[in-house]
Every structure is written in C-alpha cells, then in structure tokens.
Amino acid sequence: MSRIQLENVTKKFGKVTALDGVTLDIKDKEFFVLFGPAGAGKTTILNCIAGIQIPEEGVVKFDGEVVNLVDAAHRDTAMVFENYALYPQMTVYDNMASPLRSNLYKKDEEYIKNKIQEIAEMMKMDYLLQRLPSQLSNGQKQRVAMGRALVRSPRVYLMDEPLAHLDAKLRNAMRTELKEIQANFGTTSIYVTHDFMEAMSLGDRIAIVNEGHIVQIGTGDEIYYMPCNEFVAQLMGDPEINIIGGTLAKSAKGYTFTMNAGGKAYELPADADLFAKFDEVGLEKVEMGMRPQHLKYSFEPKEGYLKCSVYSYESIGNKSVIVAEMGELQLRMIAPNGLTVKIDQDVYVDMKLEHAMFFNADTKEYVTRYNEAEIKSFAIRED
Amino acid sequence: MAGLRIEHLYKRYENSGKKKSVQNDYAVKDLNLVAEQGEFIALLGPSGCGKTTTLRMTAGLEDITKGEIYIGDVLVNNLHPKDRHIGLAFEDYAMYPPLTVYDNIAFNLKAKGVDKAEIDKRVREIAPLMQCDDLLDKMPVKLSGGQKQRVNIARAIIRRPELLLMDEPLSHLDGKARQAMRTEIKRLINDIKCTTVYVTHDQLEAMSLADKIAIINFGVLQQYGTPAEVYDDPVNEFVASFIGEPPMNILETTIKGKGDHFVFTFEGSNLEIEVPKRYNNVVKDGFKCKMGVRPMDVLIGGPDSKGTSEEVATFENLGDERRIGIHVGGTLLMLITDAETRYKAGDIIKLEVRGEKTHLFDIETGDRIRE
C-alpha cells in the first residue's frame, strides 16, 4: 500500500516560489503523471516526495503518515533520472544489483540474480547484462536506469523525464515499451514529463502543473476533451488547438457565434445542455476552441466556407498541417500528405462546430463544450 | 542566387597520434548532390552520418579530402569562406553579448564597410521578415531561445547570400517554439527564395521544410528525392524506417503460395497478408525477406471483417490519435487510428493489413526488392 499525498505544499528557493500550495492525492498503484512546461515545478514536487527537498509549508504523507521529517534514504522510494546516472565502471548487472547490495536494502546474491533476470527479461535487456555503460546506446542506458529502479520493490517509483534525452523516434518507441510493461509495476508510480503524448499514453491520471500550481487533475481524455482553461487546451495536442475569438448572441434557433476576425456569423448546431449553459452564464465574449482535425478545407470556393490564404503547408509524418490565414487569425488544420499547395494561395475553411469547446474570453477559463455529458461518461473515472 | 553542385565528395579525418597504418574510414563517401537555384534541400541522417561534415566543407570550414563543390558555376574548393557568398546559421546562436540585436544583425555589413544608411535600410528590411523588429534595441541576454535563433537567422541572410547553410537551427528549442519557428523558416525561404541546405537529424523537420531530402547513413547517400518520394518509395530498409513517425513496421517473413496468390507469413503468428500480385515474378513459395508496412496501412476490421483475430498488446490514447501494438512473432506491429474506440491490453481485434501498400526488402542487404 502506498498512497502519496501532498497537502498545501509550498517550496521556496530564496525569493522564488517554486511550489505554491500544491495538493495532490495519488492512489495506491496508480501511474500518476506530472505534466507541464519547463520550470513549472514538476521536478520540485518529485523531490519533495523523495525527500531531496523539504517544503517550507504543508505536509507530504505516505499512507497517511507525515514523512516531512523522514530523510530521503528512509522514505523507501526509487528514482529514475533523465541523465541515467549509471556507475561507469560497473557492468549492467552490477549497476542493477547496486540498490540491492546497499546496506539499507540488502538482499542475498541468489535473490539479486533472480530479480535481475526477471526485470531484464521484462525489459528485453537480458543480452546487455555483461556490458559496461560505455558500450550502450542512449536508449539502452535509460532501460538500465529504469531496470535498476525496478529491481527494488519500493513504496513509490519516481521518474523524472526518463525519456527526455532520447530523440523523437526512440522516445516514442520507448514510451510504447514502457506502456507495455507498466501493468507489471504493481507499485505507485509518479512520472514527470513535458511531452503530452507521454502524459496521455502513460498516465492513469495527469496533473497539469504550471508556475508552481496544480492547474487541473484528470484522466487523459478529461484533460484533452474538457481542458479547464485555454492554457491546458493548448498543451494537449499537436498541432495546437485553434482559439477563435467571437461573440455569442441568442437567435431564433438557439445561439449564433460571430467571429471577431471577418465578422462571419455561424448558427450553432443544437445541443440542449450547451445552450442551457450559455443561458446560465450569459456570456457574450467567448473564445471557441477547435482542434485542427475538426476544420475542413477546400481549394475551390464553397458555400459557407471562409476565404483564407495559405500561410504554410507542412508535412508532419503521416499527415500534413495547413495553416490558413485571415487577417490576424491563423487556423491550423490537418490535411493529407502530398497535396500541391502554394504559399499564399486561396483556401476555403469550414468548421465542424459540433466539436467546439468554449472559453470565457476574459478569464480564458473553460465554459462548456458540445456533448459534454457523453464525454464525461467515458472520460471521468470514479474508483 | 545560385545553385549548389557536389561531385564525388569524400572526407577522411586524419589520425592524430595513432598508428599510421590504421586509417579512419571516410566520414563522407562519394557524395553527389545537386540543389537547383532557389531549392531547399535537407541533409538528414542519424548523428555521425556525415551531414554536418558535408555542410562544413560547403561552408569552407573543413578541408575537402577529394571531390568538388560548386556554388553556381564557381568551384569553391579553394575559396576562403568569406568569398563563397554564403550565410550560416548554426544550432548555437553565438551572438555578441555586449551588442544590441540591431548591432548583431548589422555586424557583418559594418565589418565590410557598407555605409550606415544602407545598413539601416537592410536591417529594417530583414527584421520584420524574421519577426524581430520589436527586438532591435534589446540585448541578447534578454531574448528567449526562439528569439535568439530568429536574430541568428536574420544575421545570416542580411548579407544576401547565394547559399544559406543551416545546421540544426531548431534543436535547441522546445516543442512549441520549434513548431512555430519551423513554420517561420518555411515562410522566410519562400519569401527570399535563397538556395538553402539544412542539416537535421529530425525527419519531421526535413519532411516539412525541404523540397528535396538527402538521406545519409555512414557517410553514404542512401536516397535523394522529394518528401513524397522518400516516404512512398524508399530505396531500402534504412530509409523506410528512418522516414515517418511512428516508423514503418518491418517484419521478417516467409512467403507461402496459397492458390493463385502468395501470402506473407510470420514465425510465431497466424497473421497472413496477401502479397501484391505485381511481385508474382520475384517471389516463390518459401522465399524469405522482410516486409514493410506503414502503421497507417494497418486497419481494424469491423464485426464481419475477414481479418485475423489478434490480441492488443499495447493501447495508447494520445488525444489526437490512438496507437495500438500487436505482437507478431517477436515484433510489435504498430497501427494508428483516429477512431474514438478505446481498447485495453488483451482485447481481441480483427487486423486487416492493406497488402497492396507493403514493401519488400532483402533480408541481408536491406535493399528494396522491386517487382
């Protein structure tokens, strides 16, 4: 059993407040991701749990017991760092054995051998055991660093951007591998990353961290489909979500949305819950969030489509992104590869409004979205 | 403006202090490349493949062991870098910290003795192109990474080079800034229409920016073509697996005859995929090779699908898309889907592979086997 809680944790470095009243409740055996931009305070949270840093205010609890005064060595955590931190003079086997040979967690050699064999097989690295770190690729080094943490059965695994050093391809491949073995961990794990795909793929739940605050906690689906503000919406998804400013007004059928740029008015498709929410908040100025896959384009003029010009057309692997421009507004949308698109040529754009989400134009906070009830039903897990 | 022509280019670094008899291998081996005037080409490959060495030889920062480099019609092998009419932008910004952004951009022109009014005109022309007109009075320490790289590129193009050389200009930037900067570079090159050579190890950058991509491995050019050519028609396994994310699935296979056609079979798996008919003349029963198929071309069948039933090994919900991994023998076969269905490890799905989209590779050499 290891439930990890932070209650109102504040950590300062001199005049800089790194964490400001952070509260988290991480369940036993949960794979919990801390996600946010560089400098958000993710690593500081991890260090407070590990006992490497002591918060000025607030408490850290393991299974309900306050551990603020327990030093790092006695908290029984296992850490994996971005920079591997392997002993260069030791073989992979000895590196992996090192935590089990330390005085604190001493095990006999027979146990160590079996445990290493088990973990090495799980991580598909049994053929590496006799090598020295200098004979390993970066991906292999990270595998060893992770294997070394996994040989122990600590109360919690703490992983600080373990894949951040790897190039994009290897990072994706390793992420998938980690996903595959994750089910075998059986131990609470806290994973820090700035890569939204890692967060989405690996996290049972994700906490979005920004400027020392927890901004939102939820499942990947919850955060992707119902981000609590525009900042979070923009973090999840590549290319970034389109934020389109406009005005809501009541109409005969429900509501219209008039775009600030160009002034085109859209009759919003009916959604009783959505309109009820609009009635309740009575907002005029809103910003609409539209993911790039929910925009449609045409290179011929089409009824109801907005006339824009192509700002750029870029392949992103298995698909491409067209950025269309209309005055100040830029719209990103997904298109297939291999189109003949010239920069500055005309392009006509329409939106699948039934996927829209709406934010308050002043506070940038989430108001509502289409099909909210349905999304809640699969995105929010209560257990 | 001018094109670039590289002919039979070799580079070997001299041994320092080691036995004379042991020679280093070539860092660049018999490289031939032509970039037409105004073309944007990317040199793409893993680290150590010789792409930066090639760029540095083009810039005149590195001696040429053998071969010729022409900028326009001028053989530049023995020209001093400053006489090659090139602009350089590297990963590191290397700005003069005590000078303002304006003076940093103007520095090269000042050094050349261009008169003040002309310098001012050109700085004010370039600055908006790179969206650094608001930054001109700032000092370099006040700039973010993305802003520094903007200034760095502005500095490279102010001399109106005939050839612009860029070495991993985006690799210092984080995800969001990198994406924004990539778009800006694309716009910029479109505006100034300068022949550009762009070195990167990131296939995404090469695919999104370049008119043509030269894929290099161990100093040897593997393939030179448009992004669509290298993606759809790779010459070998290396190119096939280097281009595209997630990479092409590549599996060892034994081909079996089945009635009037052939199928790919895989050790330790029941999966069978039809071999396209066009290969009928090159394959036979028992033929061993590697099969490649992109994750986009592996599909999940509906309820009445005739596909093979397979167990989901990994399911990753990435928001914009979902990735599913299936064990085929010892390999994880990946597929991508936009569909909203959620799976979990252990679920059974019907797998359909678009046989007509498969590629064949030689098991030993990795070369493409063509019909």
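Reading the values: the criteria
- Residues numbered from 1 in each chain as written.
- Chains lettered and ligands numbered in written order.
- Predicted model: local features only at pLDDT ≥ 70, side-chain atom pairs only at ≥ 80, totals over all residues.
- Heavy atoms only, no water.
- Helix = DSSP H or I, 4+ residues; strand = E, 2+ residues; numbered from the N terminus.
- Buried < 20%, exposed > 50% of the residue type's maximum accessible area, 1.4 Å probe, protein only.
- Contact = heavy atoms within 4.5 Å.
- Areas by Shrake-Rupley, 256 points an atom, 1.4 Å probe, with all protein chains shown as cover.
- Lys, Arg positive; Asp, Glu negative; His and termini not counted.
- Charge placed at Lys NZ, Arg CZ, Asp CG, Glu CD.
- Domains from an automatic or database assignment.
- Buried area = accessible area lost by both parts, 1.4 Å probe.
- Salt bridge = Lys/Arg side-chain N within 4 Å of Asp/Glu carboxyl O.
- Polar contact = N/O pair within 3.5 Å; in protein donor to acceptor, adjacent residues only side chain to side chain.
- Axes fitted to C-alpha atoms, helices over the stretch in contact; angles between N-to-C directions.
- Parallel < 35°, antiparallel > 145°, perpendicular 65-115°, else oblique.
- Left-handed = near helix turned anticlockwise from the far one by under 90°.
- Nonpolar A, V, L, I, M, F, W, Y, C, P; charged D, E, K, R; others polar.
- Pairing = 2+ DSSP bridges.
- Core = buried A, V, L, I, M, F, W, Y, C linked by side-chain atoms within 4.5 Å.
- pLDDT = per-residue confidence, 0-100.
- Phe/Tyr/Trp six-rings, centres within 6.5 Å; stacked < 30°, edge-to-face > 60°.
- Lys NZ or Arg CZ within 6 Å of the ring centre and 35° of its normal.

Q: How do you make sense of the overall build of chain A when you look at a structure like this?
A: Across its full length, chain A carries 10 helices and 21 strands. Along the longest, intermediate and shortest principal axes, the C-alpha atoms of chain A span 75 × 50 × 40 Å. Looking at chain A as a whole, 56% of its 383 residues are labelled buried. Across chain A, contacts joining residues at least 24 apart in sequence account for 66% of those joining residues at least 6 apart. Surface exposure of chain A reaches about 16500 Å², of which carbon and sulfur atoms provide 49%. Each charge class in chain A was averaged separately, 43 positive and 55 negative side chains, and the resulting centres sit 3 Å apart.

Q: I'm lost on the domain arrangement of chain A in this one. Help?
A: A common way to report how large an interface is uses the accessible area buried once the components associate. Residue and element names in this part refer to chain A. The assigned domain composition of chain A is domain 1 (4–233) and domain 2 (238–379). Between domain 1 and domain 2, the C-alpha centre-to-centre distance is 37 Å. In this assembly, 12 residues from domain 1 lie in contact with 17 residues from domain 2. Where domain 1 abuts domain 2, roughly 1300 Å² becomes buried across the two surfaces, and 61% of that area is made up of carbon and sulfur atoms. Considering only the surface of domain 1 that becomes buried against domain 2, Y225, M226 and E230 emerge as the three largest contributors, covering 47% of it. Remark: the boundary between domain 1 and domain 2 carries zero salt bridges. If you look at where domain 1 meets domain 2, you find seven residue pairs in polar contact (both at pLDDT 80 or more).

Q: What exactly am I supposed to notice about the interface of chain B and chain A here?
A: On the side of chain A, 36 residues touch chain B, which itself brings 40 residues to the contact. Of the roughly 3100 Å² buried between chain B and chain A, counting both surfaces, carbon and sulfur atoms make up 46%. D344 of chain A is the partner of R187 of chain B in a salt bridge, and the nearest nitrogen-oxygen pair spans 3.2 Å. Our count for the contact surface shared by chain B and chain A stands at 20 residue pairs in polar contact (both at pLDDT 80 or more). Only helix 5 (175–192), helix 6 (203–209), helix 8 (237–242), strand 16 (308–317), strand 17 (322–328) and strand 18 (331–337) of chain B provide two or more residues apiece to the side of chain B that touches chain A. Ranked by residue count, the leading element in the side of chain B that touches chain A is helix 5 of chain B, at eight residues.

Q: How should the packing of helix 2 (residues 92–101) of chain A against helix 3 (residues 109–122) of chain A be read in this particular structure?
A: When two helices pack together, you describe them by how their axes are tilted relative to each other and by the distance separating the axes. All names here are of chain A. In the contact formed by helix 2 and helix 3, the axes pass within 10 Å of each other and the chain directions differ by 125°. The angle between the axes of helix 2 and helix 3 places the two elements in the oblique class. As for the relative orientation of helix 2 and helix 3, their crossing is right-handed in sense. For the pair formed by helix 2 and helix 3, the contact residues are Y93, M96, A97, L100 and R101 on the first element and E109, Y111, I112, K113, K115, I116, I119 and A120 on the second. Looking at side-chain class alone, the contact of helix 2 with helix 3 contains nine nonpolar, no polar and four charged residues.

Q: Quick question: what am I supposed to make of the side chain of E222 of chain A here?
A: Residues and elements named next belong to chain A. In this fold, E222 is placed in helix 7 (residues 220–225). Within the buried set, E222 has no salt-bridge partner at all; the shortest N-O distance to an opposite charge, 7.9 Å, is to R205. Not counting residues up to four positions away in its chain, the partners in contact with E222 are Q216, I217, P227, A379 and I380.

Q: Explanation requested: the pattern of salt bridges in the structure shown.
A: Pairs can form between side chains of opposite charge once their charged atoms are near each other. Summed over all chains, the structure comprises 47 salt bridges over all chains. Residues E280 of chain A and K277 of chain A are paired through a salt bridge, measuring 3.9 Å at the closest nitrogen-oxygen approach. In this pair, E280 of chain A and K277 of chain A are both assigned in helix 9 (residues 272–281), three residues apart and thus about one turn of the helix distant. Judged by its relative accessible area of 60%, E280 of chain A falls in the exposed class. Residue K277 of chain A is classed as partly exposed on the basis of its relative accessible area, which comes to 27%. Three or more residues joined by partner-sharing salt bridges are found here, namely D221 of chain A together with R322, E340 and R342 of chain B.

Q: Would you take a moment to explain the sheet that holds strand 9 (residues 205–210) of chain A for this structure?
A: All names here are of chain A. In spatial order, the strands read 6-7-8-3-9-10; together these six strands make up an open sheet with mixed pairing. The strands lining the two open edges of the sheet, one partner per strand, are strand 6 (77–80) and strand 10 (213–218). The average angle at which neighbouring strand axes cross in this sheet is 20°, direction not considered. By the bridge criterion, four bridges tie strand 6 to strand 7 (residues 156–160) in an arrangement that is parallel. Bridging across to strand 7, T77 finds its partner in V156. Contacting strand 6 and strand 7, helix 4 (residues 138–150) runs over the sheet at an angle of about 180° to strand 6.

Q: I'm lost on the nonpolar core in this one. Help?
A: If you look at soluble globular proteins, the nonpolar side chains tend to sit buried side by side. In this structure, F35, M96 and M236 of chain A are the most contacted members of the largest nonpolar core, which totals 58 residues. Composition of this core by domain shows at least three residues from each of domain 1 (4–233) and domain 2 (238–379) of chain A. In contact with M96 of chain A, not counting residues within four places along its chain, are I116, I119, A120, M125, L129, V144, G147, R148 and V151 of chain A. One finds F40, L188, A206 and Y231 of chain B within the second-largest nonpolar core, a separate group that totals 47 residues.

Q: How do you make sense of the sheet that holds strand 14 (residues 288–293) of chain B when you look at a structure like this?
A: In a beta sheet, neighbouring strands are held together by backbone hydrogen bonds and run either parallel or antiparallel to one another. All names here are of chain B. An order of 13-12-11-14-20-21 is seen for the six strands of this open sheet, with the pairing classed as antiparallel. Looking at strand neighbours, the two that pair on one side only are strand 13 (272–274) and strand 21 (368–369), the edges of this open sheet. Taken together, the three bridges between strand 14 and strand 20 (residues 359–361) define a ladder with antiparallel strand orientation. Pairing of M291 across the sheet is with L360, part of strand 20.

Q: For this particular structure, what's the right way to read the confidence of the model for chain B?
A: When pLDDT is averaged across chain B, the result is 91; 97% of the residues are at 70 or more. This prediction of the complex comes with two scores: 0.89 for pTM and 0.89 for ipTM.

Q: Sorry, what's going on with the packing of aromatic side chains here?
A: Here the distance between the centres and the angle between the planes together describe a pair of aromatic rings. Under the criterion given, the structure shown has 17 aromatic pairs over all chains. When the centroid spacing of 5.6 Å and the interplanar angle of 35° are considered together, the rings of F40 of chain B and Y198 of chain B count as tilted. On the criterion of sequence distance, the pair formed by F40 of chain B in strand 3 (residues 40–44) and Y198 of chain B in strand 8 (residues 195–200) is long-range, its members being 158 residues apart. A single burial state applies to F40 of chain B and to Y198 of chain B, both of which are buried. Taken together, Y255, F257, F275, F278 and F358 of chain A form an aromatic cluster joined through their ring pairs. For R5 of chain B, the ring lying beneath its charged end belongs to Y70 of chain B, and the centroid distance is 4.2 Å. Residue placement shows K11 of chain B over the ring face of Y13 of chain B; its charged tip is 4.9 Å from the ring centre.

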